[in-house]
Amino acid sequence: MSPPPPTQSEPSHPGPGGPERKKFPDFVPPTKIHYDDGRPATLHLQKCRLVVEEGNRSHEHSFDQPVITIGAMDDNDVVMNDSTVSRYHCKIVQEESSWVLCDLGSTNGTFINRVRIREAYLKPGCTVSLGTAELKFYSAEERVEIVPSKKDHCGDIVGKHARMRELYAIIEKIAPTGTTVVIEGETGTGKEVIASTIHKLSTRNGGPMMVFDCGAVPENLIESELFGHEKGSFTGAVMTRQGLFEMAHGGTLFLDELGELSIDLQPKLLRALEQREVRRVGGQKSIKVDVRVIAATNRNLEAEVAAGRFRQDLFYRLSVVRLFLPPLRERVEDIPLLVKHFLKSQAGNREPDGTLRVRQVSRDAMDLLCAYKWPGNVRELVNSIERACSFVEGDTIQVADLPETVRLTGSGGQSPAARSGQGGHGQGHGGDVGADSTFKEAKERWVSSFERDYLVQLLKKSNGNISHAAREADIDRKYFRKLMKKYAIDGGHDATAEDED
């Protein structure tokens, strides 16, 4: 029996001809889901099929994951009950449209059609020999035409737009698999809700779902948060601590804002995805983990790869299936449905006996909600409805209860910042959101306008108490103060000493 495979420092694999084998292509297919104008989307799933021959019997295994491990230990994807097979004998790795067989330092060697290999491409129908054991390799690409669902919701996701119903069909198809998923979309579109729904519809729903925001943790702590650390491994490590990969064992790990992950940490994430094992900071041994990874980003990962800020091999490993979540302005027909859902689901809209306090939105107010462009997407809509519910008198939201940004832009087509010729700071950002603005500039002005109005209204609701307003917004008080300074908002106070630093 061979020992467990040695640690590999490089996530990429040397090819049959040695380290000079060609690297990943200059262009990685943007998605395995193809949207064609006028035709339904098509989901492309690469599958690997292995037929294990044991005497007069055969066992078939089918996989749609990018890495398949084979060996005698129970934690392999294919377990071989043969004394000539090493504990961790070999693995099969998907690269582009090909599959590569890699020997993991086995005692008796790995062979393709009787030829011993260290690493080689697999051809459908070939025979793989591990010691005296044999298996047949087959590959196929399953093309599934996505027929939009007839439902107006899927799990916690709400919407009846065609693109949303198409997403429901895709989610229902991929959720039961172990497929790695990348969710792309603008900030506030609901990427975490998509991830949560995939987890709930999967076979891992009995396991944990851990969430990690790559942009909210200091860079020097990210490795410890993801992979854990041993006692004494660095200053302040007073005890051994599990990382999120270990804590998510048997479940799902959701990596939010993946594009914010530094280039130095990306190889370690790639190793965890490929080897399905992690090593704690300061640790000497690797720990096997069984985790499904779902990632989300508001960045264009292809552009990040081209700019050298995101590893191409990691991009490919993650992008087994990529889902694109449309912004709210492109599915305006969903706004009434979303508003109805938020009124029912918000805890702050319940009377002590559990009945709804605010039941509906007036026609004029709904027209304004549908006319607004929602730069903050669904998250901004949630905040706006929550704010309206806190100001409304009676059981119907009126125009006067809506945020100023919605009232003015809905009626006049301009944000308050654009009307005054100023940005959200009240200084220096000026200009219309028109044809002479880039998308990025226009978006920043809209978001700034919304944020300032939201902060002002929240402070008003909290009678100027910054600590209370920060808790209401579910953000850190220091960050709330930073936003007040950013938008030149005066006033505000902290009522109690215990709220101070």
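For the structure itself, consult the block above.
Attention here is on the structure that accompanies the text.

Reading the values: rules and limits
Residues numbered from 1 in each chain as written. Predicted model: local features only at pLDDT ≥ 70, side-chain atom pairs only at ≥ 80, totals over all residues. Heavy atoms only, no water. Helix = DSSP H or I, 4+ residues; strand = E, 2+ residues; numbered from the N terminus. Buried < 20%, exposed > 50% of the residue type's maximum accessible area, 1.4 Å probe, protein only. Contact = heavy atoms within 4.5 Å. Areas by Shrake-Rupley, 256 points an atom, 1.4 Å probe, with all protein chains shown as cover. Phe/Tyr/Trp six-rings, centres within 6.5 Å; stacked < 30°, edge-to-face > 60°. Lys NZ or Arg CZ within 6 Å of the ring centre and 35° of its normal. Salt bridge = Lys/Arg side-chain N within 4 Å of Asp/Glu carboxyl O.

**Observations concerning the overall build of the chain**
Helices and strands together make up the secondary structure of the chain, namely 15 helices and 25 strands. Counting all 501 residues of the chain, 49% fall into the buried class. Excluding contacts between residues fewer than 6 apart, the proportion of contacts in the chain whose partners are at least 24 apart in sequence is 61%. If you sum the accessible surface of the chain, you get close to 24200 Å²; carbon and sulfur atoms cover 49% of it.

**Examining helix 5 (residues 266–275)**
Along helix 5, 8 of the 10 residues are buried, which leaves the element largely enclosed by surrounding structure. Taken as a whole, helix 5 has its buried residues at Gln266, Leu269, Leu270, Arg271, Ala272, Leu273, Glu274 and Gln275. In the segment just after helix 5, Arg276 is the residue with positive phi, at about 50°.

**Re the packing of aromatic side chains**
Any pair of aromatic rings gets described here by the distance separating the centres and the angle formed by the planes. This model, assessed by the stated rule, comprises 3 aromatic pairs. Relative to Trp374, the ring of Tyr372 has its centre 4.6 Å away and its plane inclined at 80°; by these criteria the two rings are edge-to-face. Directly above the ring of Tyr138 sits Arg49, whose terminal nitrogen or CZ lies 4.5 Å from the centroid. One Lys or Arg, Arg387, reaches over the ring of Phe391 and ends 4.7 Å from the middle of that ring.

**Section: the pattern of salt bridges**
Summed over all chains, the structure comprises 22 salt bridges. A salt bridge links Arg299 to Glu304; its shortest N-O distance comes to 3.1 Å. For Arg299, a relative accessible area of 29% puts it in the partly exposed group. A relative accessible area of 8% places Glu304 in the buried class.

Everything listed here is a matter of geometry and, on its own, says nothing about what the molecule does.
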